[in-house]
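# Topology and contacts: notes
These are the residues of each chain, in order.
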There are 2 protein chains.
Amino acid sequence: MSDDARSERAARPGGRTARTRAAVLDAVLGELEEAGYGGLTMERVAERSGVHLATLYRRWRNAEGLIVDVLGEIGTREVPIPDTGSLKDDLRALASEIAGLYARPRYRALVEGMVAAAVRSPAAAAALSEVFAGRNRLAGRIVERAAERGELPPGTDAAAVIAAVGAPFYYRLLIQRGQVDDALAATAAAAAHAAALSGAFTPPAVQDP
Amino acid sequence: MSDDARSERAARPGGRTARTRAAVLDAVLGELEEAGYGGLTMERVAERSGVHLATLYRRWRNAEGLIVDVLGEIGTREVPIPDTGSLKDDLRALASEIAGLYARPRYRALVEGMVAAAVRSPAAAAALSEVFAGRNRLAGRIVERAAERGELPPGTDAAAVIAAVGAPFYYRLLIQRGQVDDALAATAAAAAHAAALSGAFTPPAVQDP
């Protein structure tokens, strides 16, 4: 980026650059919803967003670059972390949020797109793992609060509990190729809760000191 | 397929057609291991297998077609289903088998390839979900035997328990982009076991009759 471009962005955070990016990322999600990752092309994103094709190629290079930027943008969005006072209810609420997200075709297509992009592009793979690590750290507060309340075995790995809530959704979407629904959310939350209480997410060194 | 080709295959199940297929599928796994799904081309598979490019295009059409056939072939392989006499140990043995498989670069690359292929090809998606459904049904015997021994709540969904053992591996590989290891196997097995005992995989209608 040139110094001019940098100062323009810094000076106008909600300005033309930000509006262009917002239009492009929205177009990416729209294209994913309609045509899937297999149909995601720079040409269609240009047409849908009204942004020049040359600008797209300069700033995002290719479809993987677009996916990386969508992931980065989503990674900075604030999401509510449930805080009901009970681990069981918090995990259930978290699972319902995930189910609600992936019941929407554009987010299902985004998951497929980001995983397919990660297979082809190390940058996309790094963005994907970073976004999920960040999300799981944030949601880990649910588990830390439960530990502070004495609901969990000492040393429970908070990120592992949160990953256990999420994993069944990606298995359903990517491997079983089925729909996510509230029954899956109920099972995922109940299974993660029971496993956490049993000490399954407590590292062996803590289990057997 | 012409009638001639059909009768040739039927007449010589271990003959030239079968040898060609075995050479091609082995070359696909080798290419996946070396170059990943992003580098899987008909040209490289032809070179590696020694099978004519025209034959590859005629029988498999494209890279997705190759992945579908590898999946189908793997789906018919016999795999040992643990039977130790204890659900806990059976699930642990199953998880170790999965971990051992995906510690091998060619099978990790196959998972990535099949998921990426499924995003682009409905035939690959159908093959993927069928192979896993078949595998999970077979491994479900572990859960059915445990139920017969009275180790589990009545009505436990056998396929859901097996899916719970597998899901963390695909989450680690595809989303977290990390290595699978025996620590993950231990956690996945222990979590699925605790969740099954708690009734998390018992349908609500059975839980609350």
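Residues numbered from 1 in each chain as written. Chains lettered and ligands numbered in written order. Predicted model: local features only at pLDDT ≥ 70, side-chain atom pairs only at ≥ 80, totals over all residues. Heavy atoms only, no water.

### A short note on the overall build of chain A
- Looking only at helices and strands, chain A features 11 helices and 0 strands.
- Scanning chain A from its N terminus toward the C terminus, one meets helices and strands in the order α-α-α-α-α-α-α-α-α-α-α.
- If you line up chain A on its principal axes, its C-alpha atoms span 60 × 40 × 30 Å.
- Put simply, chain A has 209 residues, and 48% of those count as buried.
- Looking at chain A alone, contacts between residues at least 24 apart form 66% of all its contacts between residues at least 6 apart.
- Counting only carbon and sulfur atoms, one obtains 53% of the accessible surface of chain A, whose full area is about 9,900 Å².
- With 25 positive and 26 negative side-chain charges, chain A shows a spacing of 5 Å between the two charge centroids. (Helix = DSSP H or I, 4+ residues; strand = E, 2+ residues; numbered from the N terminus. Buried < 20%, exposed > 50% of the residue type's maximum accessible area, 1.4 Å probe, protein only. Contact = heavy atoms within 4.5 Å. Areas by Shrake-Rupley, 256 points an atom, 1.4 Å probe, with all protein chains shown as cover. Lys, Arg positive; Asp, Glu negative; His and termini not counted. Charge placed at Lys NZ, Arg CZ, Asp CG, Glu CD.)

### Some details on the relation of the copies chain B and chain A
- Superposing chain B onto chain A takes a rotation of 180° combined with a translation of 0.0 Å along the rotation axis, leaving an RMSD of 0.0 Å. Accordingly, the operation relating the two chain copies is best matched by a two-fold axis. Looking at the rotation axis and the C-alpha trace of chain B, the residue lying nearest is Ala116(B), at 2.3 Å.
- Comparing contact sets, 97% of the residues at the interface of chain B also lie at the interface in chain A, consistent with an isologous, same-surface contact. (Least-squares fit on C-alpha atoms with pLDDT ≥ 70 in both.)

### Looking at the packing of aromatic side chains
- One pass over the full model with this rule turns up 8 aromatic pairs over all chains.
- Measuring from ring centre to ring centre gives 5.5 Å for Tyr102(A) and Tyr170(A), while their planes differ by 75°; the resulting arrangement is edge-to-face. Within this pair, whereas Tyr102(A) is found in helix α6 (residues 87-102), its partner Tyr170(A) is found in helix α9 (residues 158-175), the two being separated by 68 residues in sequence.
- Residue class for Tyr102(A) comes out buried when judged on its relative accessible area of 7%.
- With a centroid separation of 6.5 Å and an interplanar angle of 85°, the aromatic rings of Tyr171(A) and Phe132(B) are classed as edge-to-face. Here Tyr171(A), found in helix α9, pairs with Phe132(B), found in helix α8 (residues 122-139), and the two come from separate chains.
- Classification of Tyr171(A) by relative accessible area gives buried; the value is 3%.
- You can call Phe132(B) buried: its relative accessible area is 9%.
- A connected cluster of aromatic rings, assembled from ring pairs, spans Tyr102(A), Phe132(A), Tyr170(A) and Tyr171(B). (Phe/Tyr/Trp six-rings, centres within 6.5 Å; stacked < 30°, edge-to-face > 60°.)

### Some thoughts on the domain arrangement of chain A
Residue and element names in this part refer to chain A.
- Structurally, chain A comprises domain 1 (3-71) and domain 2 (76-202).
- Relative placement of domain 1 and domain 2: their C-alpha centres are 28 Å apart.
- Tallying the contact residues gives 11 residues for domain 1 and 16 residues for domain 2.
- On the surface where domain 1 and domain 2 come into contact, there are 2 salt bridges.
- Linking domain 1 with domain 2 are 1 residue pair in polar contact (both at pLDDT 80 or more), by the criterion used here.
- For the side of domain 1 that touches domain 2, the secondary-structure elements that each account for two or more residues are α2 (16-35) and α5 (63-76).
- Taken together, the residues that form the side of domain 1 that touches domain 2 break down as 7 nonpolar, 1 polar and 3 charged. (Domains from an automatic or database assignment. Salt bridge = Lys/Arg side-chain N within 4 Å of Asp/Glu carboxyl O. Polar contact = N/O pair within 3.5 Å; in protein donor to acceptor, adjacent residues only side chain to side chain. Nonpolar A, V, L, I, M, F, W, Y, C, P; charged D, E, K, R; others polar.)

### Notes on the nonpolar core
- Core analysis: the largest hydrophobic core is formed by 142 residues, its most contacted members being Phe169(A), Met114(B) and Phe169(B).
- In contact with Phe169(B), other than residues within four places in its own chain, are Ala95(B), Ile98(B), Ala99(B), Val180(B), Leu184(B), Ala185(B) and Ala188(B). (Core = buried A, V, L, I, M, F, W, Y, C linked by side-chain atoms within 4.5 Å.)

### Brief notes about the side chain of Glu31(B)
- Relative to the helices and strands, Glu31(B) is located in helix α2 (residues 16-35).
- Once you skip the residues sitting within four places of it in the chain, Glu31(B) turns out to touch Gly36(B), Gly39(B), Leu40(B), Arg44(B), Val45(B) and Arg48(B).

### Digging into helix α9 (residues 141-148) of chain B
All names here are of chain B.
- Along α9, the positions that sit buried rather than exposed are Ile142, Val143, Arg145 and Ala146. Down the axis of α9, the buried set is contained in an arc of 160°. They therefore lie on one face.
- In this fold, the buried residues of α9 make contact with α6 (87-102), α8 and α10 (158-175). (Arc of directions from axis to C-beta.)

### A look at the packing of α6(B) against α9(B)
All names here are of chain B.
- Between α6 and α9, the least distance of the axes is 10 Å, while the angle of their chain directions is 175°. The angle between α6 and α9 places the two elements in the roughly antiparallel class. For the pair α6 and α9, the contacting residues are Leu87, Asp90, Leu91 and Leu94 in the first and Ile142, Val143, Arg145 and Ala146 in the second.
- A breakdown of the residues in the contact of α6 with α9 according to their chemical character gives 6 nonpolar, no polar and 2 charged. (Axes fitted to C-alpha atoms, helices over the stretch in contact; angles between N-to-C directions. Parallel < 35°, antiparallel > 145°, perpendicular 65-115°, else oblique.)

### Comments concerning the pattern of salt bridges
- Enumeration according to the criterion identifies 27 salt bridges over all chains in this entry.
- Notably, a salt bridge pairs Arg141(A) with Glu148(A), separated by 3.7 Å at the nearest N-O pair.
- The exposed category is assigned to Glu148(A), whose relative accessible area is 62%.
- The partner of Glu112(B) in a salt bridge is Arg177(B), with the nearest N and O atoms 2.9 Å apart. Of the two residues, Glu112(B) sits in helix α7 (residues 105-120) while Arg177(B) sits in the loop between α10 and α11 (182-198), which places them 65 residues apart along the sequence.
- When salt bridges with common partners are traced through the structure, they connect Glu31(A), Glu34(A), Arg44(A) and Arg48(A) into a single cluster.

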